[in-house]
Amino acid sequence: MINDIYDVIVVGAGHAGSEAAAAAANLGSKTLLVTMNMQTIGQMSCNPAMGGIAKGQIVREIDAMGGYSGIIADKSAIQFKMLNLSKGPAMWSPRTQNDRMLFAEEWRIALEQTPNLDFFQDMVKSLIVENNKVVGVITSLGLQIKAKSVVLTNGTFLNGLIHVGDKQLGGGRMGEPRAFGITEQLVSLGFEAGRMKTGTPPRVDGRSLDYSKMEEQKGDENPKKFSYLDSPKLEKQMSCHIVYTNETVHDILREGFDRSPMFNGTIQSTGPRYCPSIEDKINRFAERTRHQLFVEPEGWRTVEIYVNGFSSSLPEDIQMKAMKHIPGFENAKVFRPGYAIEYDYFPPTQLHHTLETKLVENLYFAGQINGTTGYEEAAGQGLMAGINAHNKVHEKDPFVLNRDEAYIGVLIDDLITKGTEEPYRMFTSRAEYRLLLRQDNADIRLTEKSYNLGLAKEERLKQVNDKIEQSNKLEAYLKDTSLKPGIINPILESISSAPVDQAYRSSQILTRPNMTLEKLEEIDFIKAEIGDYSTEVKEQAQINIKYKGYIDKERDNVAKLLRLETIRIPDTFDYENLKSLSAEARQKFMKIRPKTIAQASRISGVSPADINILLIFLK
């Protein structure tokens, strides 16, 4: 194996690395996945859940592209919820609670069954770089393994440092060693590096909790799933629970602030804005008398509980003392305390949109090394890095998703053009075309693209085409079928909607607030005609009819933007001598080297006047 030359070597087997390795191998590249521990492939380092606001859309996109995350989330799910159902369909986001051990097991099984994929357990301490081109890796055992491309997905392991109060431990996760050598080499090659921080809450013994004092959170009555394929449906579910901190808990936590690495200057790196530690929350929001905590089971056959919302780097004695005053936690037994971890990352403005680095050819970065946080963001980057590493070594065109095509496209474009100085997390608000990028239509948006790449199988494409055909057929029926007042008015009355005095088409009636296909199926002849359509087809047709005006408007906006995307900027464009540009724009253009006018316009600090100047000079 060591004498082989691999097409792609993936370093790290977390969510980014696993998807990268699977994508490259499934496309036909001879691939090697190098990990420090074969027992932690696909490990859920933090909360045992997949999806959520905007993240659920990413998981569905990965699945539509032929990635593994959605299927594995379905196989290991213990609860499913569709979030934001009270809002419009652009906001609906699927989420699963997962069995942590089963999730990692399913990942390993899936990867071991993937052709063209080899495994090696060791730490990569450096890259082999010749003439600004990566040609392999060197492991801690001194083995040199040659490759045509390398994907780095090191997670939190690059010079990882764990903090519990005033104690510090070197590690990438609690109980696992950190990786060293790569950061120092990359900096010597001219890369800019930084430090970020994340954290994790305590794990407790579920047998020691009193759930009668908590608010039960059940899964959906009719749970869906992530994958568009025939992954198993969730037949039974486990409940989560909600509980709240109180002023006593806050007062005890404050006792440890002088020993907190966050407040005594030990930690100076930036943590996640949208998932702060409990001490950060009570410090920043001092006026709040309580904070919500989610009590989440870790799996079917374990008593371990994840206390979501209680992430902390405070001393362990303070954590345990404060926890005893949370309702239901009076007798809580702690398996392990929460901790913070600092790690190296590389500002992603140093990458092309393919996730290949600008300084070293055929070297790709994906996941937390790019400054992101979250399994889903990492997995989406890993998928794209794996695809593009394969394409590059086989002399195929780069594969890039635009902002109007996928949340993955929004994620990568944000990272490349804007960079990030704090852990980047995806939200629906980051996508300007979120009505087009819904969780229900990811397969329609992306499967054909993936099939043309050679990643998605023919079975997937057939399912998508069948769904489109059935949805079009259902829409046509609703547009052609009229409903007389005597038939529809009783239903309109039941939803407090104004009655009609003449016949209206079913599609027109469906556009009314609170009107659904389910209500229309109360009419016998409509039920007889559309009752056999699948839930997914009905959902698709209903959204297309109810939101047609908004969807058409977003597509018009996309068309306008695409005109700017076609105006390309030469790689050799001389920004330095273009003195009419603002100093900030000139500096950022020289650093990022945008490929198009549209990309240039999205760079933070660039004004419309700067874009107009560029357009004039390009003409």
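Source: prediction; values computed, not measured. Counting of residues starts from 1 at the beginning of each chain's written sequence and follows it residue by residue. Reporting of local features is limited, given that this is a predicted model, to residues whose pLDDT is at least 70; pairs of side-chain atoms are given and counted only at 80 or more, and all residues count toward the totals for whole chains, interfaces and linings. With hydrogens and water excluded, all non-hydrogen atoms of the structure serve as input to the side-chain values.

K.L.:
Got a minute to help me understand the overall build of the protein chain in this structure?
P.N.:
By definition, any uninterrupted DSSP run of H or I lasting at least four residues is a helix, any uninterrupted run of E lasting at least two residues is a strand, and each is numbered from the N terminus. Within the protein chain one finds 21 helices and 24 strands. The globule rule used here is 2.2 Å times the number of residues to the 0.38 power, and the radius of gyration it is set against is calculated over C-alpha atoms. Taken over C-alpha atoms, the radius of gyration comes to 26 Å for the protein chain, in line with the 25 Å a tight globule of 619 residues would show. Considered along the principal axes of its C-alpha atoms, the protein chain spans approximately 80 × 70 × 50 Å. Per-residue burial for the protein chain yields a buried fraction of 58% across its 619 residues. Long-range contacts, defined here as pairs at least 24 residues apart, represent 72% of the contacts in the protein chain between residues at least 6 apart. Note on areas: these come from Shrake-Rupley sampling with a 1.4 Å probe, and a residue is covered only by the protein chains present in the view. When the accessible area of the protein chain is evaluated, it comes to approximately 26100 Å², of which 48% is carbon and sulfur surface. Within the protein chain, the 81 negative side-chain charges are centred at a point lying 2 Å from the centre of the 76 positive side-chain charges. In this scheme, a residue with accessible area under 20% of its type's maximum is buried, one over 50% is exposed, and one in between is partly exposed, where area comes from a 1.4 Å probe on protein chains only. We call two residues in contact whenever any of their non-hydrogen atoms come within 4.5 Å of each other. His is not counted, nor are the chain ends, whereas Lys and Arg count as positive and Asp and Glu as negative. Every charge is mapped to an atom, namely NZ of Lys, CZ of Arg, CG of Asp or CD of Glu.

K.L.:
Would you mind going over the packing of aromatic side chains with me for this structure?
P.N.:
Remark: the centre distance and the inter-plane angle together describe each pair of aromatic rings, the angle taken between the planes. Classification of ring pairs uses Phe, Tyr and Trp, with its six-membered ring standing for Trp, and accepts pairs whose centres are within 6.5 Å; under 30 degrees between planes counts as stacked, over 60 as edge-to-face, and the remaining range as tilted. Inspection of every chain in the model, using the stated rule, returns eight aromatic pairs. Ring plane angle 70° and centroid distance 6.4 Å describe the contact between Phe80 and Phe226, whose orientation is recorded as edge-to-face. Of this pair, Phe80 sits in strand E5 (residues 77-83) while Phe226 sits in the loop between strand E16 (215-217) and strand E17 (240-244), and the two are 146 residues apart along the sequence. Since its relative accessible area comes to 0%, Phe226 is described here as buried. Summarising the aromatic geometry, the rings of Phe191 and Phe346 are spaced 6.2 Å apart at their centres and angled 85° between planes, so their arrangement reads as edge-to-face. Of the two residues, Phe191 sits in the loop between helix H5 (182-188) and strand E14 (194-200) while Phe346 sits in the loop between strand E21 (339-345) and strand E22 (363-365), which places them 155 residues apart along the sequence. You'll find Phe191 and Phe346 in the same group, each marked buried. Feature note: the residues Phe191, Phe346 and Phe365 constitute an aromatic cluster, connected by ring pairs. Put simply, a charge is over a ring when the Lys NZ or the Arg CZ is close to the ring centre, within 6 Å, and near the line of the ring normal, within 35 degrees. Here the basic side chain of Lys236 rests over the ring of Trp300, its NZ or CZ set 5.1 Å away from the ring centre.

K.L.:
What am I meant to see in the sheet that holds strand E19 (residues 304-308) here?
P.N.:
Strand pairs in the sheet, formed through backbone hydrogen bonds, run parallel or antiparallel to each other. With antiparallel pairing, the six strands of this open sheet are ordered in space as E16-E17-E18-E19-E15-E20. Of all strands in the sheet, those bounded by a partner on one side alone are E16 and strand E20 (334-336). For this sheet, the mean inter-axis angle between neighbouring strands, taken without regard to orientation, is 35°. Any two strands with at least two DSSP-identified bridges between them are counted as paired. Here strand E15 (residues 203-205) pairs with E19 via three bridges, running antiparallel. Here an axis means a line fitted to C-alpha atoms, over the contact stretch when the element is a helix, while the angle between two N-to-C directions is reported on a 0 to 180 degree scale.

K.L.:
Help me out: how do you make sense of the sheet that holds E21 in this one?
P.N.:
As summarised here, the arrangement of the four strands in space is E13-E12-E21-E14, forming an open sheet in which the pairing is antiparallel. A single partner strand is all that each edge strand has here, and the edge strands are strand E13 (167-170) and E14. Adjacent strand axes in the sheet meet at a mean angle of 25°, parallel and antiparallel pairs treated alike.

K.L.:
I'm lost on the nonpolar core in this one. Help?
P.N.:
The tendency in soluble globular proteins is for nonpolar side chains to be buried as a group. Core analysis: the biggest nonpolar cluster contains 89 residues, and Ile9, Val150, Leu152, Leu186, Leu363, Phe365 and Ile387 have the highest contact counts within it. The biggest single contributor to this core is helix H9 (residues 375-393), with eight residues. In this view, Leu363 contacts Leu127, Val134, Val150, Leu152, Leu186, Phe191, Leu355, Glu356 and Thr357; residues no more than four positions away in its chain are not counted. Among the buried residues, those of types Ala, Val, Leu, Ile, Met, Phe, Trp, Tyr and Cys that are joined through side-chain atoms within 4.5 Å form a nonpolar core.

K.L.:
Mind showing me how you'd approach helix H10 (residues 407-418) here?
P.N.:
For an α-helix, 3.6 residues make a turn, and residues three or four places apart therefore share a direction. Here H10 contains twelve residues, and its C-alpha end-to-end distance of 16 Å stays within 8% of the 16 Å for a straight helix at 1.5 Å per residue. Judged by how many residues are buried, H10 sits mostly within the fold: eleven of twelve residues are covered. Among the residues of H10, Tyr407, Ile408, Gly409, Val410, Leu411, Ile412, Asp413, Asp414, Leu415, Ile416 and Thr417 are the ones counted as buried. As for H10, its buried residues are in contact with helix H2 (55-64), H9, helix H19 (583-592) and helix H20 (597-601). Gly419 sits one or two positions beyond H10 and adopts a positive phi of about 70°. What a helix is expected to span follows from its residue count: subtract one and scale by 1.5 Å.

K.L.:
Looking at this structure, how should I read the pattern of salt bridges?
P.N.:
If charged atoms from side chains of opposite charge come close, those side chains can pair. Think of a salt bridge as a Lys or Arg side-chain nitrogen and an Asp or Glu carboxyl oxygen that are within 4 Å of each other. Summed over the entire model, instances satisfying the criterion amount to 42 salt bridges. Note that Glu377 is salt-bridged to Lys55, the shortest N-O span being 2.8 Å. With a gap of 322 residues between them, Glu377 in helix H9 and Lys55 in helix H2 connect regions that are remote in the sequence. Between Glu298 and Arg100 there is a salt bridge, and its shortest N-O distance comes to 2.3 Å. Placement of Glu298 in the loop between strand E18 (292-297) and E19 and of Arg100 in helix H4 (residues 100-112) is noted, with a sequence separation of 198 residues between them. Both residues of the pair, Glu298 and Arg100, count as buried. Each of Arg403, Asp413, Asp414, Lys418, Glu432, Glu565 and Arg602 takes part in one network of salt bridges that share partners.

K.L.:
Which parts of the structure should I look at to understand unusual backbone geometry?
P.N.:
Backbone phi values are negative for most residues with the exception of glycine, while trans is the configuration of most peptide bonds. Backbone geometry places Ala54, a non-glycine residue, at a positive phi of 70°. Note that Ala54 resides in the loop between strand E4 (49-51) and H2.

K.L.:
Explanation requested: the packing of helix H11 (residues 442-453) against helix H12 (residues 458-480) in the structure shown.
P.N.:
Relative placement of two packed helices is described by the angle separating their axes and the distance separating the axes. Between H11 and H12, whose axes approach to 9 Å, the crossing angle comes to 145°. The chirality of how H11 crosses H12 is left-handed. Contacts between H11 and H12 involve Asp443, Ile444, Thr447, Glu448 and Tyr451 from the first element and Glu458, Arg460, Leu461, Val464, Lys467 and Ile468 from the second. Note that Gly is not counted as nonpolar here; it falls among the polar residues with everything else outside the nonpolar set of Ala, Val, Leu, Ile, Met, Phe, Trp, Tyr, Cys and Pro and the charged set of Asp, Glu, Lys and Arg. Of the residues contributing to the contact of H11 with H12, the split by class is five nonpolar, one polar and five charged. By definition, any crossing whose near helix is turned counterclockwise from its far helix by less than a right angle is left-handed, and any crossing with a clockwise turn is right-handed.

K.L.:
Is there a simple way to think about the packing of helix H1 (residues 15-26) against H9 in this case?
P.N.:
The interhelical angle for the contact between H1 and H9, taken along N-to-C directions, is 30°, at an axis separation of 7 Å. Comparing their axes, H9 and H1 come out roughly parallel. Seen along the crossing, H1 lies across H9 with a hand that is right-handed. For the pair H1 and H9, the contacting residues are His15, Ala16, Glu19, Ala20, Ala23 and Ala24 in the first and Tyr375, Ala378, Ala379, Gly382, Leu383, Gly386, Ile387 and His390 in the second. Tallied by class, the residues present in the contact of H1 with H9 amount to nine nonpolar, four polar and one charged. Any angle from 65 to 115 degrees is called roughly perpendicular, while one under 35 is roughly parallel, one over 145 is roughly antiparallel, and all others are oblique.

K.L.:
Help me understand helix H18 (residues 548-565), please; the structure alone is not making it clear to me.
P.N.:
For H18, built from 18 residues, the straight-helix expectation of 26 Å at 1.5 Å per residue is met to within 8% by its first-to-last C-alpha distance of 25 Å. Taken together, the buried positions of H18 are occupied by Ile551, Glu554, Val558 and Leu561. An end-on view of H18 places all buried positions within 80° of arc, on one side of the element. More than 90 degrees from the buried face of H18, the exposed residues found are Gly549, Lys553, Lys560 and Arg563. In this description, the arc belongs to the directions extending from the helix axis to the C-beta atoms.

K.L.:
It is not clear to me how the environment of Leu127 should be interpreted in this structure. Could you clarify?
P.N.:
Structurally, Leu127 can be placed in strand E8 (residues 124-130). Leaving out residues up to four positions away in the same chain, Leu127 has contacts with Val134, Gly136, Val137, Val150, Leu152, Gln185, Leu186 and Leu363.

K.L.:
I tried to follow the side chain of Gln97 on my own but got confused; where do I start?
P.N.:
Residue placement: Gln97 occurs in strand E6 (residues 93-98). The buried category is assigned to Gln97, whose relative accessible area is 1%. Residues adjacent in sequence count toward polar contacts only when both atoms are side-chain atoms; beyond that, a polar contact is any pair of N or O atoms within 3.5 Å, and within protein one must be able to donate a hydrogen and the other to accept it. A polar contact of 3.0 Å, which involves the side chain of Gln97, links it to the side chain of Arg95. Dropping the residues within four chain positions of it, Gln97 is found in contact with Pro48, Ala49, Ser76, Ala77, Ile78, Gln79, Cys240, Glu296 and Pro297.

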